[in-house]
Amino acid sequence: MTPTTQRHVQTTAVHAGERIRREGFRTTSTPIYNTATFLYDTAEALDAAFEADPSFVYARHGNPTIAALETALATLEGGVGTVAYACASGMAALHAAILATGVAPGERIVASRDLYGTTAALLKNLFLGQGYDVRFVDLGDHAAVDRALGEGDAQVLLAETVSNPLLQVADLPMLAALAHAHGAQLVVDATFTPPTLLHPLALGADLVIHSTTKYLSGHGDVLGGVILAGPQHDATLRSVTRLVGGAAGPQEAWLTLRGLKTLPLRFERQCANATKIAAWLAAHPAIEAVHFPGLPGHPDHALAARLFGPAASAGEAPAFGAMLSFAIRDANRARVFRFLDRLELCLPATSLGDLYTLVAYPAMASHRELTPKERARVGIGDGLLRLSAGIEHVDDILADLAGALGDE
Ligand SMILES: Cc1ncc(COP(=O)(O)O)c(C=O)c1O
């Protein structure tokens, strides 16, 4: 806009400084485009922008900061023509991904019995209530998965790569084969296994989601989600995400993009710390059980090594993720609360994937809605805690856990 003295101060106040053209340089870091709409020199150019990919016309359709994040996420997942759609939260991504499969009321969604609580609630309260045929199965029981897919008009199989809080690993190639044999699509929540560890699309998944609130942003300061898929899903995802409107905001996209730059460094340290913490806990007299796929006694150790192994650099042992859970021997709720209250370094926060070590109590948080009997049936006792390893020095984490476990 040309500076002008003829305009009123009210007009100048709202326009001054904006829309300045800067030519001859690019910014090192993508700026935060805090704008809901985009202006073009001609109506012709605006018309073309509606059809462009990415399309910068209106922020629910696209925004350069969000597009930069989507490019980074699609590139990290890999695969030919992989597309990424950034969303306002992991739940927004999951909801849009399920809708993008085209599953309709009356058709079946087969889902893991051990899903993240809010995902299970989404299926029970929203999808089931709207007439979808939702079935929950043990994903480790492949015959049961096959039956559940075969009985109804199954369109979707929904799995998490690693279950919460018992860290069971899903055999994605097997689940993809089962889903596809029944004409269903495999939707994978890979929040526990960032693309530095696993590429579910390459293992047969049709649509993948992450809560980027966790490892991908990594600093516990931003909510977000992403859907990743092959190019055949691009048009549907583009349409569904625009219609349901759970688009990421530019500030959040920028924070996630910034966090993403240190993902490999953070995750390497987190996995190494988790391995040491699991071994230390397994040898502690106050600990009854440790669930960590990296421990040779874990029922999915061999499967985890097979699936996660290819991500390791040549000559390196595979990483097994940075999540683990453990049961304090003979502990009730009061004993667990004393443990949580004594922690001085590890944070008793109900999230995961942050650079801080986080400890969560499933009976109080993710599995709060279940009765103690129901929890016991799925292997979640009153003494079970979940730990998300951070990037602190492992000796400090162990000292904190030792202090909190005490001599009781
Ligand atoms: C496995 C998993 N999926 C999805 C979500 C939902 O993500 P968000 O909180 O970003 O909506 C979470 C949140 O904890 C999660 O743990």
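None of the values given here were measured: they were computed from a predicted structure.

(A) Local environment of the UniProt feature "modified residue: N6-(pyridoxal phosphate)lysine" (unreviewed entry) in the chain. UniProt feature "modified residue: N6-(pyridoxal phosphate)lysine" (unreviewed entry): in the numbering of this structure it lies at Lys214. Along the chain, lysine 214 turns up in the loop between strand S6 (207-211) and strand S7 (225-229). For lysine 214, the residues in contact, after removing those within four places along its chain, are Thr191, Ser351, Leu352 and Gly353.

(B) Highlighting the sheet that holds strand S8 (residues 287-291). Spatially, four strands are ordered S8-S9-S11-S10 in an open sheet, and the strand pairing comes out antiparallel. Edge positions in the open sheet fall to S8 and strand S10 (358-360), since each of these has one partner strand only. Sheet twist, expressed as the average angle between the axes of neighbouring strands with direction ignored, equals 25°. Sheet analysis places S10 next to strand S11 (residues 384-388), joined by three bridges and oriented antiparallel.

(C) Quick peek at the site of the ligand. Around the ligand, the neighbouring residues are Ser89, Gly90, Met91, Tyr116, Asp189, Thr191, Ser211, Thr213, Lys214, Leu223, Gly224 and Leu352. Aspartate 189 is positioned with one of its side-chain polar atoms (N or O) 2.6 Å from a nitrogen atom of the ligand. A distance of 2.7 Å is found between an oxygen atom of the ligand and a side-chain nitrogen or oxygen belonging to threonine 213. Burial of the ligand by the surrounding chains reaches 90%, relative to a free accessible area of 390 Å². Each residue belonging to the shell around the ligand can be placed in one class, and the counts come to four nonpolar, six polar and two charged.

(D) Just the sheet that holds S6, in detail. Reading across from one edge, S1-S7-S6-S5-S4-S2-S3 is the order of the seven strands in this open sheet, with mixed pairing throughout. The strands lining the two open edges of the sheet, one partner per strand, are strand S1 (83-87) and strand S3 (133-137). Direction aside, the axes of adjacent strands within the sheet are offset by 20° on average. Pairing of strand S2 (residues 108-112) with S3, which is carried by five bridges, proceeds in the parallel orientation. Residue valine 110 lies in a different strand from S3, and its bridge partner there is arginine 135. Contacting S1 and S7, helix H3 (residues 64-77) runs over the sheet at an angle of about 130° to S1.

(E) Examining a nonpolar patch on the surface more closely. Side chains of Tyr40, Leu46 and Phe50 sit close together on the surface and give an oily, nonpolar patch of about 250 Å² of accessible area. Within the fold, tyrosine 40 resides in the loop between helix H1 (9-15) and helix H2 (43-51).

(F) The arrangement of the layout of surface pockets in detail. Space inside the largest pocket adds up to approximately 1100 Å³. Lining the largest pocket are 20 residues, with Arg19, Ile20, Tyr33, Phe38 and Leu39 sitting closest to its centre. Residue composition of the lining of the largest pocket, grouped by class: nine nonpolar, six polar and five charged.

Rules of the game
- Residues numbered from 1 in each chain as written.
- Predicted model: local features only at pLDDT ≥ 70, side-chain atom pairs only at ≥ 80, totals over all residues.
- Heavy atoms only, no water.
- UniProt positions renumbered as here; feature names shortened; annotations may be inferred.
- Helix = DSSP H or I, 4+ residues; strand = E, 2+ residues; numbered from the N terminus.
- Contact = heavy atoms within 4.5 Å.
- Pairing = 2+ DSSP bridges.
- Axes fitted to C-alpha atoms, helices over the stretch in contact; angles between N-to-C directions.
- Near = heavy atom within 4 Å.
- Polar contact = N/O pair within 3.5 Å; in protein donor to acceptor, adjacent residues only side chain to side chain.
- Areas by Shrake-Rupley, 256 points an atom, 1.4 Å probe, with all protein chains shown as cover.
- Nonpolar A, V, L, I, M, F, W, Y, C, P; charged D, E, K, R; others polar.
- Patch = residues over 30% accessible without salt bridge, like charges linked within 9 Å, V, L, I, M, F, W, Y side chains within 5 Å.
- Salt bridge = Lys/Arg side-chain N within 4 Å of Asp/Glu carboxyl O.
- 1 Å grid on protein atoms, 1.4 Å probe; cavity = no way out; pocket = protein on both sides within 12 Å on 5 of 7 lines; lining within 4 Å.
- Points joined across faces, edges and corners; volume = space filled by probe spheres on them.

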